[in-house]
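# Overview (structure and organization)
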Amino acid sequence: MKAKETFFSIVVPAFNRKDYLEVLISRLKLIKYSNWELIVVDDGSTDNTGEIFLNSTDDKIKYYRKENAERGAARNYGAKFASGDYITYLDSDDYLLPDVFDIANKIISDNPDIPMFHLGFEVRNSTGLLISNAEILPANLNDIIKERNVIACLGMFLKNNVALEYQFSELRELSGTEDYELWLRLASDMPLPHYNFTVGVLVNHEARSMYEVDTAKLVNRINTFIMLALRNHNVLEFLGNSVNKFLSFRYSYIALHAAIAKDRKLSIDYLLKSFIKNPQILFETRFWIIIKKMIYL
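Notes on the structure follow. Every chain is numbered independently, its residues counted from 1 as its sequence is written. Reporting in this predicted model follows two pLDDT cut-offs: at least 70 for local features of residues, and 80 or more for side-chain atom pairs to be given and counted; totals over whole chains, interfaces and linings ignore these cut-offs and use all residues. Calculation of side-chain values draws on the structure's entire complement of heavy atoms; hydrogens and water are dropped beforehand.

## Some details on the overall build of the chain
Helix and strand labels come from DSSP, where a helix needs a run of H or I of at least four residues and a strand needs a run of E of at least two; each type is numbered from the N terminus. Within the chain, the regular secondary structure consists of ten helices and nine strands. Within these notes, the globule rule equals 2.2 Å times the number of residues to the 0.38 power, and the radius of gyration is based on C-alpha atoms. Computed over C-alpha atoms, the radius of gyration of the chain comes to 19 Å, within 12% of the 19 Å expected from 2.2 N^0.38 for 297 residues, which places it in the range of a compact globule. Across its three principal axes, the chain shows a C-alpha extent of roughly 55 × 45 × 35 Å. For the chain, the residues scored as buried account for 51% of the 297 residues in total. Using a 1.4 Å probe on the protein chains alone, a residue whose accessible area is under 20% of its type maximum counts as buried, one over 50% counts as exposed, and one in between counts as partly exposed.

Right under this line is the structure:
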């Protein structure tokens, strides 16, 4: 008996990404699975993004424009219009592989009413050259997520009612870490399963906002994230004895990016904070990468 076809919604926030959206839409048309829709949320673009959709006759593609409020708010806004049984979030510069929904549909068929699950993604540069294969991860991500964010919006599938209940934080100062904050809340309330199938591509390019380093904003963002995590009773209970390790990894994240930005003092300060919270950081590769970067500043 043929498995029931799940209906999927792809929610894409976009701010001045007209060219990327055109490429994304062309790639989505390679997907053979028919039961999906694309919801593009134009987050106040000034590059005529809306022109792409003016004469569109494709009923799979829906376009909404709103006042700029960053990615978390745009994703939440798009989820309200989603008709899919499951919602997946995609950044405008990434893309899904042709068999993504066949794989996701099989998982759902084998696990009826699964509230959420994650699938793998590889990383390529803007010319398509493979940078790294999808990371092989454990079947349950609840423990690993306490230390580092191995989950991208790319490859994450949420049941519609779960996506509406568990929304992204809309704090502007959290933008760039709003996804990790959400995954922590989700993981504190339910299992977070992972399946080692590669279903998408994260495109690593110079324009990617996550690679821009403004150290003042970075410190504010990570400290905001820490504040939200530690003020949430469920998340705090979920972290348990891993709180110090969680904090250590957040501080080392700041230290690493401060070193990349050639801010030696900030990097040293946060690497020391990281060590104080978790001396075992000495045995992590990240620690020695930071040291190396500081030496060669």
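So much for the structure itself; the text now carries on.
## What about helix α9 (residues 264-277)?
If you check α9, its first and last C-alpha atoms are 20 Å apart, about what 14 residues at 1.5 Å a residue would give, namely 20 Å. All buried positions along α9 are accounted for by Leu266, Ser267, Tyr270, Leu271 and Ser274. Angularly, the buried residues of α9 cover 125 degrees about the axis, an arc narrow enough to put them on a single face. Opposite its buried face, α9 presents the exposed residues Lys265 and Ile276, each directed more than 90 degrees away. We call two residues contacting when some pair of their heavy atoms lies within 4.5 Å. In this structure, the buried residues of α9 make contact with α6 (215-231), α8 (243-260) and α10 (285-295). How far a helix is expected to stretch is found by multiplying one less than its residue total by 1.5 Å. What the arc measures is the spread of directions leading from the helix axis to the C-beta atoms.

## A few points about the nonpolar core
Judged by nonpolar contacts, the single largest core of 57 residues is most densely connected at Tyr89, Trp183, Leu184 and Leu186. Residues within four places of tyrosine 89 in sequence aside, it is in contact with Val11, Arg75, Ala79, Cys153, Leu154, Met156, Leu158, Ala163 and Phe168. Remark: nonpolar core denotes a set of buried residues (Ala, Val, Leu, Ile, Met, Phe, Trp, Tyr, Cys) joined through side-chain atoms within 4.5 Å. Membership of the second largest hydrophobic core comes to 38 residues, among which are Phe8, Leu96, Phe101 and Val203.

## Some remarks on the side chain of serine 92
Its place among the elements puts serine 92 in the loop between β4 (86-89) and β5 (95-96). Leaving out residues up to four positions away in the same chain, serine 92 has contacts with Val12, Pro13, Arg17, Tyr20, Leu21 and Leu24.

## Looking at the pattern of salt bridges
Any carboxyl oxygen of Asp or Glu within 4 Å of a side-chain nitrogen of Lys or Arg constitutes a salt bridge here. In the structure shown here, the tally under the stated rule is 16 salt bridges. With a shortest N-O distance of 3.4 Å, glutamate 147 and lysine 245 are connected by a salt bridge. Of this pair, glutamate 147 sits in the loop between β7 (130-132) and β8 (156-159) while lysine 245 sits in helix α8, and the two are 98 residues apart along the sequence. Via salt bridges that share partners, Arg75, Asp91 and Glu178 belong to a single interconnected network.

## Thoughts on unusual backbone geometry
Of note in this structure, asparagine 16 is not a glycine but carries a positive phi near 55 degrees. The exposure class assigned to asparagine 16 is partly exposed, which follows from its relative accessible area of 29%. In this structure, aspartate 113 is a non-glycine residue whose phi angle is positive, near 70 degrees. Structurally, the position occupied by aspartate 113 is in the loop between α3 (100-110) and β6 (116-125). Among the residues examined, aspartate 113 registers a relative accessible area of 57% and is labelled exposed.

## Quick notes on the packing of α8 against α10
Axis geometry follows a simple rule: fit a line to the C-alpha atoms, using only the stretch in contact for helices, then measure angles between N-to-C directions, giving values from 0 to 180 degrees. Following both chains from N to C, one finds α8 and α10 inclined at 25 degrees, their axes separated by 9 Å at the closest point. Looking at the two axes, α8 sits roughly parallel to α10. Note that α8 runs across α10; the crossing there is left-handed. For the pair α8 and α10, contact is made by Phe249, Ser252, Tyr253, Ala255, Leu256, Ala259 and Ile260 and by Arg286, Ile289, Ile290, Lys293 and Met294, respectively. Its residues assigned to classes, the contact of α8 with α10 comprises nine nonpolar, one polar and two charged. Oblique is the label for any angle not under 35 degrees, not over 145, and not in the 65 to 115 range, which are roughly parallel, roughly antiparallel and roughly perpendicular in turn. Definitions for this section: a left-handed crossing has its near helix turned counterclockwise from the far helix by less than a right angle. A right-handed crossing has that turn clockwise. Charged means Asp, Glu, Lys or Arg here, nonpolar means Ala, Val, Leu, Ile, Met, Phe, Trp, Tyr, Cys or Pro, and polar covers whatever is left, Gly included.

## Concerning the pairing of strand β2 (residues 36-43)
The buried count for β2 comes to eight of eight residues, which makes it a mostly enclosed element. Side chains Trp36, Leu38, Val40 and Asp42 project from β2 onto one buried face, and the interleaved Glu37, Ile39, Val41 and Asp43 project onto a second face that is buried too. Note: strand β1 (residues 8-14) against β2, seven bridges, orientation parallel. Paired with alanine 14 across the bridge in β2 is aspartate 42. Only when DSSP finds a minimum of two bridges between them are two strands counted as paired. Relative to strand β3 (residues 61-66), β2 runs parallel, the two being bridged by six bridges. Bridge assignment links leucine 38 to a residue of β3, and that residue is isoleucine 61.

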